[in-house]
Amino acid sequence: MNTQIKTAFYWLLLGICFLTHNLFHMYGIFFGVDLRLPDATGEVPLGTQIFNTVIFTVTFLMALLSITLSGRGFRWFSLVWSALFLLLNIAHLGEAIFVEAFDLSQVCLLSFVLVVNVLLIVALWKSLKPASKSV
């Protein structure tokens, strides 16, 4: 499969997984969990809006740009961005396993996200390596 398509697919899959992750969190509502934050005022804080924009919107933007852009500069940017996401995903998986109340569906999904993130990085890294010359 073409690296450009593969990269776009991985970004799209990550975005869908992030949305699914939030959906899984909301399932607690059906089982009586109070999901409100203690000091919630009914307004979404600006920091949360910015975080959501970066995590969700930029992930889908990266999928779109991966289909339309193929330059080396963009691939480097995509690699760095995906590496930052990998750090976030590792930390969040650790949090889901060791800090939060254990939720099998979240741990499985976050493990899948980690695998997709690694596949994205590998695909980008391979696309940036110079082609080997045959003798």
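This text goes with the structure placed above it.
This text gives an overview of the structure that appears in the document. (Residues numbered from 1 in each chain as written. Predicted model: local features only at pLDDT ≥ 70, side-chain atom pairs only at ≥ 80, totals over all residues. Heavy atoms only, no water.)

So, the packing of helix α2 (residues 46–68) against helix α3 (residues 72–98)
Phase 1 of the analysis: Look at α2 against α3: their axes get within 12 Å of each other, and the N-to-C directions meet at 145°. Read as a crossing pair, α2 and α3 show a hand that is left-handed. Taking contact as the criterion, the partners of Val54, Ile55, Val58, Thr59, Met62, Leu65 and Ser66 in α2 are, on α3, Phe74, Phe77, Ser78, Trp81, Phe85 and Leu88. (Axes fitted to C-alpha atoms, helices over the stretch in contact; angles between N-to-C directions. Helix = DSSP H or I, 4+ residues; strand = E, 2+ residues; numbered from the N terminus. Left-handed = near helix turned anticlockwise from the far one by under 90°. Contact = heavy atoms within 4.5 Å.)

Considerations on the side chain of serine 66
Phase 1 of the analysis: Residue placement: serine 66 occurs in helix α2.
Phase 2 of the analysis: With sequence-adjacent residues up to four places away left out, serine 66 is seen in contact with Gln4, Thr7, Ala8, Trp11 and Phe74.

Focus: the nonpolar core
Phase 1 of the analysis: Counting 23 residues, the largest nonpolar core has Trp11, Leu14, Phe18, Phe85 and Leu120 as the members making the most contacts within it.
Phase 2 of the analysis: Among the elements that line this core, the one with the most residues is helix α4 (residues 104–128), at 8 residues.
Phase 3 of the analysis: With residues up to four places along the chain from it excluded, the contact list for leucine 120 reads Thr7, Tyr10, Trp11, Leu14 and Ser82. (Core = buried A, V, L, I, M, F, W, Y, C linked by side-chain atoms within 4.5 Å. Buried < 20%, exposed > 50% of the residue type's maximum accessible area, 1.4 Å probe, protein only.)

Let's talk about the packing of aromatic side chains
Phase 1 of the analysis: The final tally for this structure, using the stated rule, is 8 aromatic pairs.
Phase 2 of the analysis: Each ring, one from phenylalanine 18 and one from phenylalanine 85, has its centre 5.5 Å from the other, and the planes form 40°; the classification is tilted. A residue pair is termed long-range when its members are at least 10 positions apart, and phenylalanine 18 in helix α1 (residues 3–26) and phenylalanine 85 in helix α3 qualify at 67 residues. In this structure, phenylalanine 18 and phenylalanine 85 share a single accessibility class: buried.
Phase 3 of the analysis: Ring geometry for tyrosine 27 against phenylalanine 30: centres 6.3 Å apart, planes inclined by 50°, an arrangement best described as tilted.
Phase 4 of the analysis: Judged by its relative accessible area of 39%, tyrosine 27 falls in the partly exposed class.
Phase 5 of the analysis: On the basis of relative accessibility, which here comes to 66%, the residue phenylalanine 30 falls in the exposed class. (Phe/Tyr/Trp six-rings, centres within 6.5 Å; stacked < 30°, edge-to-face > 60°.)

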